[in-house]
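Here is how the chains run, residue by residue.
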Amino acid sequence: MLKRSVLYILTVSALMYAAVYIGEKTLYMIVFVMLIAPFFSVLMLFLSFFRLKYYEAVSTEEAVRGEKVDYTLTIKNRDLIIYPFVKVNFLNNNEMKWSNEEEIYISPLHKQTIQKVIQCRHIGKYTVGVESIELWDFFRFVKLRLKLKKENITIQINPRIVKLHGFNAAAGYESDFGSNSISIKVEDYAEISEINKYHSGMPKKNIHWKLSAKRNELMAKKYEKTEGKVIYFFVDMEPYFMLAVGSGAKDIIIETVLAIAKYLLDNHIQAVFCFNDKSLKTLKMNGFYDFNTLYVSLTDMQMEHGFKITDVIKITRMKHFDMNNVIVLTSNITEELTEALTSAAKMRAKAVLICYDNDTVHQQQNAMLVDDLKEKGVPVYYIRHADEIKNVLEK
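Reading guide: rules and limits
Numbering of residues starts from 1 in every chain and runs along the sequence as written. Under the rules for a predicted model, residues below a pLDDT of 70 receive no local features and side-chain atom pairs below 80 are neither given nor counted, while totals for whole chains, interfaces and linings still include all residues. With hydrogens and water set aside, each side-chain value is computed from the structure's full complement of heavy atoms. Here, any two strands with at least 2 DSSP bridges between them count as paired. Under the scheme used here, helices are H or I runs from DSSP no shorter than 4 residues and strands are E runs no shorter than 2 residues, and both carry numbers assigned from the N terminus. In this analysis an axis means a line fitted to C-alpha atoms, helices contributing only their contacting stretch, and an angle means the value between N-to-C directions, from 0 to 180 degrees. Contact criterion: two residues are considered in contact whenever any of their non-hydrogen atoms come within 4.5 Å of each other. Any two of the Phe, Tyr and Trp rings considered here, Trp counted by its six-membered ring, make a pair once their centres fall within 6.5 Å; the pair's planes then place it as stacked at under 30 degrees, edge-to-face at over 60, or tilted in between. A simple rule labels every residue: compare its accessible area, found with a 1.4 Å probe on the protein chains alone, to the largest value its type can have, and call it buried under 20%, exposed over 50%, or partly exposed in between. In this text, buried Ala, Val, Leu, Ile, Met, Phe, Trp, Tyr and Cys residues form a nonpolar core when linked through side-chain atoms within 4.5 Å.

### A closer look at the sheet that holds strand β5 (residues 101–106)
- With antiparallel pairing, the four strands of this open sheet are ordered in space as β5-β4-β8-β9. Of all strands in the sheet, those with a lone pairing partner are β5 and β9 (143–146), marking the two edges. Put simply, the sheet's adjacent strands are angled 25° from each other on average, direction ignored.
- One ladder, built from four bridges, connects strand β8 (residues 130–136) with β9; its direction is antiparallel. The residue of β9 that forms the bridge with I133 is L146.
- Lying over the sheet, helix α2 (residues 25–51) contacts β4 (83–90), β8 and β9, oriented at roughly 5° with respect to β9.

This is the structure we're talking about:
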């Protein structure tokens, strides 16, 4: 801007000197126009500053990872003057696969529309849109920054539910009754533990019709199976795994848990999900209502420092002496963890390790521990990217 201003002043000075030296009226008129033009330019800049309007919109504020969201920015010129230089600076966000700035001009009484596509690459809540709008006058001498709206657009990116057609680690746990069984058949294999009000998401076959008719409101039965096995799924949520996997670590953890949880649910396998966050969150899944609770909890859960996953396994084993069926999702394979899994295998229980890690060096360091687990009958699954979950777990 300084260079342009100095050049302009030198040009006007040269023309003024020529006009005085030659005495040509035309040169005087040109000098006069060049002297007053910047003032009119700045005046129109201030007018556009107060008159410019912009609108932002997205096709949806909630999407599933892997989908695309359309973003539209419309800037409107309501005056009879041109807006020569309008620079739009967008929020710098990894979810936006576009340039962080755009420079446009807007004709009188027209509008300019900027359309972009947001790639929903990672699970989470993201703020998108305009960071600032800068206006320049015709000569680019003066710049004004437009005051933006206080509220930005927030997009919630939810996890995908990967449909598994098979998961060998859970083979043999299926209940004897199928998904099409009626309520009477279910009660042959389970006993009613409690009766509560019916909520959206609960299986309709669990509705207690006689009691609902008496109370004039829907009541639902909750079953406690007297037969069958329970799988304990330990999920490591500690943040240091971000170094090994990158920003996709959260995607792998959440979508792996949901994929296995959906498979267990579809095959009527009871499961208890244990997390190593500060609250030691535990979720028991018996039906679709519990699965929805798990989905929401995982979507909102933060990867924060908590307890070691091996300590969580020990605490859970102290509470549940019959805990024989274990799945562990982690990226930190230690000797203590391998001992816990092999001891479960020695008791003729099923122990499974799912490791999310795309660091080749880290994998080589863990190779001996992994080989030892495999020799002792503990299946090990390696997931390097969230898009590999289905192929890896169905092997």
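### Quick look at the packing of aromatic side chains
- Tallied over the full model, the rule gives six aromatic pairs.
- Where F167 meets Y263, the ring centres are 6.3 Å apart and the plane angle is 85°; that geometry is what we call edge-to-face. You can see F167 sitting in the loop between β10 (153–158) and α3 (183–189) and its partner Y263 sitting in helix α6 (residues 249–266), a full 96 residues away along the chain.
- Judged by relative accessible area, which is 10%, Y263 ranks as buried.

### A few points about the nonpolar core
- Grouped together as the largest cluster of nonpolar side chains are 43 residues, with contacts concentrated most on F167, F233, F273, F275, L294, I354 and L393.
- Among the elements that line this core, the one with the most residues is α6, at 12 residues.
- Every residue in contact with L393, bar those within four places of it in the chain, is listed here: L164, G166, F167, T256, I260, I354, Y381 and I383.
- Counting residues in hydrophobic clusters, the runner-up holds 29 residues, among them V58, V128, L144 and I153.

### Focus on the environment of N196
- Here N196 shows up in strand β11 (residues 190–197).
- In this structure the C-alpha to C-alpha distance between N196 and I207, which are 11 residues apart in sequence, comes to 9.6 Å.
- In this structure N196 touches M219 and A220, once residues within four positions along its chain are discounted.

Everything listed here is a matter of geometry and, on its own, says nothing about what the molecule does.
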